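One-letter residues, chain by chain:
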Amino acid sequence: MYAWDTNEEYLFKAMVAFSMRKVPNREATEISHVLLCNVTQRVSFWFVVTDPSKNHTLPAVEVQSAIRMNRNRINNAFSLNDQTLEFLKIPSTLAPPTDPSVPIWIIIFGVIFCIVIVAITLLILSGIRQRRRKNKEPPEVDDTEDKCENMITVENGIPCDPLDMKGGHINEAFMTEDERLTPL
Amino acid sequence: MEKARPLWANPLQFVFACISYAVGLGNVWRFPYLCQMYGGGSFLVPYIIMLIVEGMPLLYLELAVGQRMRQGSIGAFRTISPYLSGVGVASVVVSFFLAMYYNVINAWAFWYLFHSFQDPLPWSVCPLNGNRTGYDEECEKASSTQYFWYRKTLNISPSIQENGSVQWEPALCLLLAWLVVYLCILRGTESTGKVVYFTASLPYCVLIIYLVRGLTLHGATNGLMYMFTPKMEQLANPKAWINAATQIFFSLGLGFGSLIAFASYNEPSSNCQKHAIIVSLINSSTSIFASIVTFSIYGFKATFNYENCLRKVSLLLTNTFDLEDGFLTASNLEQVKGYLASAYPSKYSEVFPHIKNCSLESELDTAVQGTGLAFIVYTEAIKNMEVSQLWSVLYFFMLLMLGIGSMLGNTAAILTPLTDSKIISSHLPKEAISGLVCLISCAIGMVFTTEAGNYWFDIFNDYAATLSLLLIVLVETIAVCYVYGLRRFESDLKAMTGRALSWYWKVMWAGVSPLLIVGLFVFYLSDYILTGTLKYQAWEASQGQLVTKDYPAYALAAIGLLVASSTMCIPLVALGIFVLRRLKTGDAAPVA
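Keep in mind the model is a prediction, meaning the values are calculated, not measured. (Residues numbered from 1 in each chain as written. Chains lettered and ligands numbered in written order. Predicted model: local features only at pLDDT ≥ 70, side-chain atom pairs only at ≥ 80, totals over all residues. Heavy atoms only, no water.)

Colleague: Got a minute to help me understand the overall build of chain A in this structure?
Modeller: Counting secondary structure elements, chain A contains 7 helices and 5 strands. Listing the helices and strands of chain A from first to last along the sequence gives α-β-β-β-α-α-α-α-β-β-α-α. Looking at the 184 residues of chain A, the share that counts as buried comes to 20%. Sequence separation of at least 24 residues holds for 38% of the intrachain contacts in chain A that already meet a minimum separation of 6. (Helix = DSSP H or I, 4+ residues; strand = E, 2+ residues; numbered from the N terminus. Buried < 20%, exposed > 50% of the residue type's maximum accessible area, 1.4 Å probe, protein only. Contact = heavy atoms within 4.5 Å.)

Listed below in structure tokens is the structure:
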């Protein structure tokens, strides 16, 4: 933050002169051509740009358009912005918010959408596979379960282990032979 | 061999499922509003009384019925009495209506969530008008958050008659919302049981984070003091008690059949009394907790707007009277205004109409509920916080968790009776049934994404469930206590859980709770009849605010149809079964 004094006024005159020099016909504008008046405590003032060769002040429209072109430079010279440095009757051109070519939300939507679809497909497929496995097993499982239940004998209140059905089907002696067979 | 009924993997999943279902958006956006309207801290008195007298007994009743009958709502009531299966059908119909419109809220939450990954947040700035000299007119008149909600999200039409077309952006979000729900319910309790761990606990994490952030915000204490200052005279206002009873009733989600469905997957021996008490207590404390968060956010927003208003007035006065920059502060504003009015009367009277009267109370007084609170007020507060993207993402993620948790219970209420029925489940696997239900609801839900969709949403929100649920729960209570028999039910429960039924529950079930529900029912009916034509709030783009309009005839007919289609199920199904039985006994009777 800085105090407003005559040096700042000088800088302001310089910026206005700079803006006018950028206009095609007005390259000869000097700082002395810019006049400030009615400076108040608020830091508000009137200013005009004179044309000494013709001895009149330049039309407001021309000055306004020149300042509009260089608004950014003027703001930056004073470390201010459009809200803190106000030119009455010069509306500021607002910067539009940047619009990326593909809106960001669609990208995120697409990602989540794909993840959900993949998850649903996986769950449905695993459900179908589980059901196919269940449909194949029931007749065999039911038979062995019935046999086991019939054969549980109880002696002294303690059930004896029934014969291990799998052990009866697989003969240990022939197990290694199976491994010698070359798998196709 | 009969297929065993799927069970929850452990009792914790069941409790989490109930909490996830009961703790929903209503706790966040309806309770704080009621608290504010009906006396702040003193509203807690009727609220807690109603919880003990109405909420806990009815919740226990529904859980006990589900656990005892081990079937969805239709099957459970058919077991009590075949004439009463209409109650179950009515529950399914109401749940179906709810499913259709509730998921639209999740769609909106997704929309806001996806838009939270931008800098600046899209609802914090107004878009520019045609020639880039100023902001869009509608946005100027309203605020940027209202503009984003009404124009960018809903693209709302000026009245319910102008239907407009389906907006593809919310339609896509709705589709995604239904896909996510389908993913969670696909495998029945197996998948739902795991999902509810997240949907029940994550909202609390976010609420705690928001509580810490909210309490440290500038101006939060203003909101909290405003809310919790008890206004004891409101205790004498009957509306406070009625709203407390209504809030407890709907917040627990009674009557939809979801609680019956969830409890039917329980082990018969689980202690549903303990679960009922835990769930209802957690539900109510979450409401109170959420309102602390909401009111600190309100306080922050109100203080921010108040200080903004003061700043604008100071700027205006400084510019008009060429005062030194920084001379006017909040404390000396009134003094200086008085001085200026006496020193420069003509100039002051010129500028006087433009000076707004800034008042913190009027900012706090804007009590909002529903989607307005969630999507307009909260977003306005969030855009003023630092790192607003993070807070926005957290907030809408929490809304999503709350919404999806409630949807899970909802769809369970529809699917459990369907999968229980032998006719349907023998033809289609449960994945296909869930898929069909989701597809149909999604297709009908596209109505809510049209330009007039929000007005239809309000119709469903206000009328689809209110009267019907009261009637359903009333018939439920009477069915269990008087048709099935309270003593028989008591002995069933004792045999099932091994615990005797306390006298308190018996008194509540048989007497107090039904009377309360009848009272509520009579109140609502008389309220609807006395108000005459129903009105709604329509968004007027040219003025940038809501205006009240009358519903057209066909909308009133739709409302009537909504209420009738669920309530009429009870007598119609009873009549139908009666007629069928008479026909059967008529056939079996020997010819004279």
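More follows now that the structure is in view.
Colleague: Would you explain a positive patch on the surface in this entry?
Modeller: Together, Arg129(A), Arg132(A), Arg133(A) and Lys136(A) give the surface a local cluster of positive charge. Along the chain, Arg132(A) falls in helix 4 (residues 104-136). (Patch = residues over 30% accessible without salt bridge, like charges linked within 9 Å, V, L, I, M, F, W, Y side chains within 5 Å. Areas by Shrake-Rupley, 256 points an atom, 1.4 Å probe, with all protein chains shown as cover. Salt bridge = Lys/Arg side-chain N within 4 Å of Asp/Glu carboxyl O. Lys, Arg positive; Asp, Glu negative; His and termini not counted. Charge placed at Lys NZ, Arg CZ, Asp CG, Glu CD.)

Colleague: Looking at this structure, how should I read the confidence of the model for chain B?
Modeller: Close inspection of predicted coordinates is inappropriate for parts of the model with low pLDDT. Summing up the model confidence of chain B, the mean pLDDT is 88 and the portion of residues at 70 or higher is 98%. Across the whole predicted complex the pTM is 0.83, and at the interface the ipTM reaches 0.83. (pLDDT = per-residue confidence, 0-100.)

Colleague: Quick question: what am I supposed to make of the nonpolar core here?
Modeller: Looking at soluble globular proteins, one finds that nonpolar side chains tend to be buried together. Within the largest apolar cluster, 185 residues are counted, with the highest numbers of intra-cluster contacts made by Tyr210(B) and Trp509(B). Core analysis: the next-biggest nonpolar cluster, separate from the first, contains 18 residues, Ala17(A), Met20(A), Leu58(A) and Ala66(A) among them. (Core = buried A, V, L, I, M, F, W, Y, C linked by side-chain atoms within 4.5 Å.)

Colleague: Looking at this structure, how should I read the UniProt feature "binding site: Na(+)" (unreviewed entry) in chain B?
Modeller: Residues and elements named next belong to chain B. The UniProt feature table records "binding site: Na(+)" (unreviewed entry) at Ala22, Val23, Asn27, Ser251, Asn283, Leu402 and Ser406. The greatest C-alpha distance among the annotated residues, which extend across 385 residues, is 12.6 Å, indicating that they converge on a single site. Tracing the sequence through the fold places Ala22 in helix 1 (residues 11-22). On the basis of relative accessibility, which here comes to 5%, the residue Ala22 falls in the buried class. Non-local contacts of Ala22, meaning those with residues more than four positions away in its chain, are made with Asn27, Ser251, Leu252, Val279 and Asn283. If we ignore the near neighbours within four places in the chain, the residues touching Asn283 are Ala22, Val23, Asn27, Ser251 and Leu252. (UniProt positions renumbered as here; feature names shortened; annotations may be inferred.)

Colleague: Just to check I follow, could you spell out the state of the cysteines for this structure?
Modeller: Disulfide: a covalent bond formed between the sulfur atoms of two cysteine residues. Residue and element names in this part refer to chain B. As enumerated under the stated definition, the model contains 2 disulfides over all chains in all. Each sulfur in the disulfide pair Cys126 and Cys139 lies 1.9 Å from the other. Between Cys126 and Cys139, the S-S torsion sits near -85°, and that sign places the bridge as left-handed. Here Cys126, found in the loop between helix 6 (85-115) and helix 7 (137-141), pairs with Cys139, found in helix 7; they are 13 residues apart in sequence, far enough to count as distant. With a relative accessible area of 15%, Cys126 lands in the buried category. For Cys139, a relative accessible area of 2% translates into the label buried. Between the sulfur atoms of Cys309 and its disulfide partner Cys358 the distance amounts to 1.9 Å. Judged by the torsion about the S-S bond (-85°), the Cys309/Cys358 disulfide is left-handed. (Disulfide = S-S within 2.5 Å.)

Colleague: Explain a nonpolar patch on the surface to me, please; I cannot follow it from the model alone.
Modeller: Residue and element names in this part refer to chain B. On the surface, Ile423, Ile424, Leu428, Leu436, Leu439, Ile440, Ile444 and Val447 cluster together to form a nonpolar patch covering roughly 680 Å² of accessible area. Taken together, the elements giving at least two residues each to the nonpolar patch come down to helix 20 (422-427) and helix 21 (430-445). Top element by residues in the nonpolar patch is helix 21. It accounts for 4 residues. By the element assignment, Leu436 lies in helix 21.

Colleague: I keep staring at the packing of helix 10 (residues 189-215) of chain B against helix 19 (residues 388-420) of chain B and nothing clicks. Help me out?
Modeller: For any two helices packed against each other, the geometry is given by the interaxial angle and the distance between the axes. All names here are of chain B. Viewed as axis vectors pointing N to C, helix 10 and helix 19 meet at an angle of 145°, and their least axial separation amounts to 9 Å. In terms of crossing hand, the pair formed by helix 10 and helix 19 is left-handed. In this structure, helix 10 uses Thr192, Val195, Val196, Phe198, Thr199, Leu202, Pro203, Val206, Leu207, Ile209, Tyr210 and Arg213 to contact helix 19, whose residues at the interface are Trp391, Ser392, Leu394, Tyr395, Phe397, Met398, Met401, Leu402, Ile404, Gly405 and Leu408. The residue inventory of the contact of helix 10 with helix 19, partitioned by class, reads 18 nonpolar, 4 polar and 1 charged. (Axes fitted to C-alpha atoms, helices over the stretch in contact; angles between N-to-C directions. Left-handed = near helix turned anticlockwise from the far one by under 90°. Nonpolar A, V, L, I, M, F, W, Y, C, P; charged D, E, K, R; others polar.)

Colleague: When you look at the interface of chain A and chain B in this model, what are you seeing that I'm missing?
Modeller: Listed as interface residues are 27 residues of chain A and, on the opposing side, 31 residues of chain B. At the surface where chain A touches chain B, the tally comes to 1 salt bridge. For Glu431(B), the salt bridge goes to Arg131(A), with nearest N and O atoms at 2.8 Å. Scanning the region where chain A abuts chain B turns up 3 residue pairs in polar contact (both at pLDDT 80 or more). (Polar contact = N/O pair within 3.5 Å; in protein donor to acceptor, adjacent residues only side chain to side chain.)

Colleague: It is not clear to me how unusual backbone geometry should be interpreted in this structure. Could you clarify?
Modeller: Across residues other than glycine, the phi torsion is negative in most instances, and most of the peptide bonds are trans. In this chain, Asp119(B) is followed by Pro120(B) through a cis amide linkage whose omega measures -5°. Relative to the helices and strands, Pro120(B) is located in the loop between helix 6 and helix 7. One non-glycine residue, Asn38(A), lies in positive phi territory at about 55°. Residue classification places Asn38(A) among the exposed positions, given a relative accessible area of 57%. Phi is positive for Arg70(B), close to 55°, though the residue is something other than glycine. Relative to the elements of secondary structure, Arg70(B) occurs in the loop between helix 4 (44-69) and helix 5 (73-80). The exposure class of Arg70(B) is partly exposed, given its relative accessible area of 27%.

Colleague: Looking at this structure, I do not really get the pattern of salt bridges. What am I missing?
Modeller: Oppositely charged side chains can form a pair if their charged atoms are brought close together. All names here are of chain B. For the structure shown, the criterion picks out 11 salt bridges over all chains. The residue Asp550 makes a salt bridge to Lys535 at a minimum N-O spacing of 3.0 Å. Here Asp550, found in strand 2 (residues 545-550), pairs with Lys535, found in strand 1 (residues 535-540); they are 15 residues apart in sequence, far enough to count as distant.

Colleague: What is the right way to look at the packing of aromatic side chains in this model?
Modeller: Each aromatic ring pair is summarised here by two numbers: the centre-to-centre distance and the angle between the ring planes. Residues and elements named next belong to chain B. Applying the stated rule across the entire model yields 59 aromatic pairs over all chains. For the ring pair Trp8 and Phe14, a centre distance of 6.5 Å and an interplane angle of 45° mean the geometry is tilted. On the accessibility criterion, Trp8 (7% relative accessible area) is buried. Judged by its relative accessible area of 0%, Phe14 is buried. Ring geometry for Tyr504 against Trp505: centres 5.4 Å apart, planes inclined by 65°, an arrangement best described as edge-to-face. On the accessibility criterion, Tyr504 (22% relative accessible area) is partly exposed. (Phe/Tyr/Trp six-rings, centres within 6.5 Å; stacked < 30°, edge-to-face > 60°.)

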